[in-house]
Amino acid sequence: MSNPIIEKIDAALIDAEQRLSAAASEAEIEQVRVDIFGRKGLFPALSKEMKNVAPEQRKDTGMAFNVAKPKFQKLLDDANDRLNAGSAEVSGEEIDLTLPGRRWKVGRKHPVTKVIDDCVAVFRRMGFIVASGPELETVYNNFDALNTPKNHPSRDPGDTFYFADGRLLRTQTSPVQIRVMESQEPPVRIVAPGRCFRRDTPDATHSMNFHQIEGLYIDENVSLSDLKSVLRSFAHEMFGASVEVRLRPHFFPFTEPSVEYDFSCIMCEGKGCPVCKNSGWLEIAGAGMVDPNVLKNVGYDPEKWSGFAFGMGVERLAMLRYRISDIRWLYENDVRFLEQF
Ligand code: PHE
């Protein structure tokens, strides 16, 4: 025997399930609730119909009534849960918007590059332009044209890296002097930063590859005092106006006279400390007046032109500036070290 109330309940369950699974807002779910439990909804209407139910069907109908109520409620609850779970992701319940964002890792310049850039900037302001040459050089440019005697110890294969074809890894940036002078007429005013190579055993102050900055100034009537004033200006710009410069006699094959130049110690201001080994002075580099033989080798007239050259170690400057105690730190690519500069 058919029971119109049970049929209505079953139909309403199917309808509610469809509407709720499609519901995309709280308002839509609420409307389903009102249609079922509301004052003018399904259940109050069915209650009124109960009195028309035949007595022998009352029990089954009442049971269907009681079982249906929690079924509707579960459909409503599930729909609400589904909606809330979806919105939690955007409302911030699971994403904590107060957490700090992810930091972009921005690269930075290597300390050696920074020092080169700063040195170049200082010399540029004094009118020097940047020149460069290859790391793989000819024996002629690295030694012969630079007036280096055939028996000079630096030519020894124990000191210099040679290739089978006779070329070598340049041991200094001085061959750039030769390349520039061969390619242009005087006056010349260049700085040449670059990598050099020597067969040294690595320790705290030696590395098989390192960097130099070469300077070359050729013009008429250039004297040692011009060299000294350029180096002093450089010292002041790099390390401060109180730094003094001193020249000491030395020997290089390509300069005559040759000097080594020192800066007064930037750590102790010349008083004496472990960094300057209590001397008050820091050895910075070599320099001198360009030897007339070198000028002849490149076709310049030594009677007309003269000039000075200097070469300094970039790592040494970087270690002084950043208080780095071991040159090897500069080549180990340890980000924890490099991040500090
Ligand atoms: N090339 C020399 C060196 O490596 C330095 C230097 C450069 C000296 C220019 C004099 C002039 O030791």
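First, a word on what this report is: a plain description of the structure on this page. None of the values given here were measured: they were computed from a predicted structure. (Residues numbered from 1 in each chain as written. Predicted model: local features only at pLDDT ≥ 70, side-chain atom pairs only at ≥ 80, totals over all residues. Heavy atoms only, no water.)

**Structural notes on the overall build of the protein**
Secondary structure summary: the protein contains 11 helices and nine strands in total. Along the first, second and third principal axes, the C-alpha atoms of the protein reach 135 × 50 × 40 Å. The buried share among the 341 residues of the protein stands at 42%. Of note, the protein has its 43 positive side-chain charges centred 4 Å away from the centre of its 49 negative side-chain charges. (Helix = DSSP H or I, 4+ residues; strand = E, 2+ residues; numbered from the N terminus. Buried < 20%, exposed > 50% of the residue type's maximum accessible area, 1.4 Å probe, protein only. Lys, Arg positive; Asp, Glu negative; His and termini not counted. Charge placed at Lys NZ, Arg CZ, Asp CG, Glu CD.)

**Observations regarding the side chain of Thr-255**
As for its placement among the helices and strands, Thr-255 is situated in strand 7 (residues 255–264). With near-sequence residues (within four places) excluded, Thr-255 lies in contact with Ala-287, Gly-288, Met-289, Val-290, Asp-291 and Ala-309. (Contact = heavy atoms within 4.5 Å.)

**Comments concerning the layout of surface pockets**
There is about 300 Å³ of room inside the second largest pocket. Every residue lining the second largest pocket is listed: Arg-103, Trp-104, Lys-105, Val-106, Gly-107, Arg-108, Lys-109, His-110, Val-335, Leu-338 and Glu-339. Looking at the lining of the second largest pocket, its residues break down into four nonpolar, two polar and five charged. (1 Å grid on protein atoms, 1.4 Å probe; cavity = no way out; pocket = protein on both sides within 12 Å on 5 of 7 lines; lining within 4 Å. Points joined across faces, edges and corners; volume = space filled by probe spheres on them. Nonpolar A, V, L, I, M, F, W, Y, C, P; charged D, E, K, R; others polar.)

**Observations concerning the pattern of salt bridges**
For the structure on display, the rule yields 18 salt bridges. The partner of Asp-117 in a salt bridge is Lys-109, and the shortest N-O contact between them spans 2.8 Å. Residue classification places Asp-117 among the partly exposed residues on the basis of a relative accessible area of 31%. Here the salt bridges do not stand alone but share partners, grouping Arg-246, Arg-248, Glu-260 and Asp-262 into one network. (Salt bridge = Lys/Arg side-chain N within 4 Å of Asp/Glu carboxyl O.)

**Focus on the nonpolar core**
Counting residues in hydrophobic clusters, the biggest one holds 48 residues, and the most contacted among them are Phe-234, Tyr-261, Phe-263, Ile-284, Phe-310 and Met-312. Sorting the residues of this core by element identifies helix 5 (111–125), strand 5 (209–219), helix 8 (224–239), strand 7, strand 8 (281–290), strand 9 (306–313), helix 10 (314–322) and helix 11 (335–338) as the ones contributing at least two each. With near-sequence residues (within four places) excluded, Ile-284 lies in contact with Tyr-261, Asp-262, Phe-263, Met-312, Gly-313, Leu-317 and Leu-320. Ile-9, Leu-13, Ile-29 and Leu-76 belong to the second largest nonpolar core, which has 23 residues in total. (Core = buried A, V, L, I, M, F, W, Y, C linked by side-chain atoms within 4.5 Å.)

**Remarks on the state of the cysteines**
Covalent bonding between the sulfur atoms of two cysteines defines a disulfide. Scanning the model with the defined rule gives zero disulfides in all. Sulfur of Cys-196: no disulfide; nearest cysteine sulfur belongs to Cys-119 and is 14 Å away. For Cys-276, which is in no disulfide, the shortest distance to another cysteine sulfur is to Cys-268 and amounts to 3.7 Å. (Disulfide = S-S within 2.5 Å.)

**Quick look at the site of the ligand**
Lining the immediate surroundings of the ligand are 14 residues, of which Gln-172, Ser-174, Arg-198, Gln-212 and Gly-311 lie closest. Gln-172 has a polar side-chain atom sitting 2.8 Å from a nitrogen atom of the ligand. Here a nitrogen atom of the ligand and a side-chain polar atom of Ser-174 are 3.0 Å apart. Starting from 320 Å² of accessible surface for the ligand in isolation, the protein chains cover 90%. Elements with a minimum of two residues in the shell around the ligand: strand 5, strand 8 and strand 9. Among the elements that line the shell around the ligand, the one with the most residues is strand 9, at three residues. Tallied by class, the residues present in the shell around the ligand amount to five nonpolar, seven polar and two charged. (Near = heavy atom within 4 Å. Polar contact = N/O pair within 3.5 Å; in protein donor to acceptor, adjacent residues only side chain to side chain. Areas by Shrake-Rupley, 256 points an atom, 1.4 Å probe, with all protein chains shown as cover.)

**A word on the packing of aromatic side chains**
This structure, assessed with the given rule, holds 17 aromatic pairs. Residues Phe-239 and Phe-263 carry aromatic rings whose centres are separated by 6.2 Å and whose planes lie at 70 degrees to one another, so their mutual orientation is edge-to-face. Residue Phe-239 is found in helix 8, and its partner Phe-263 is found in strand 7; the two are separated by 24 residues along the sequence. Given the relative accessible area of 0%, Phe-263 is considered buried. One aromatic cluster is present, built from ring pairs that chain together Phe-123, Phe-128, Tyr-217, Phe-234, Phe-239, Tyr-261, Phe-263, Phe-308 and Phe-310. (Phe/Tyr/Trp six-rings, centres within 6.5 Å; stacked < 30°, edge-to-face > 60°.)

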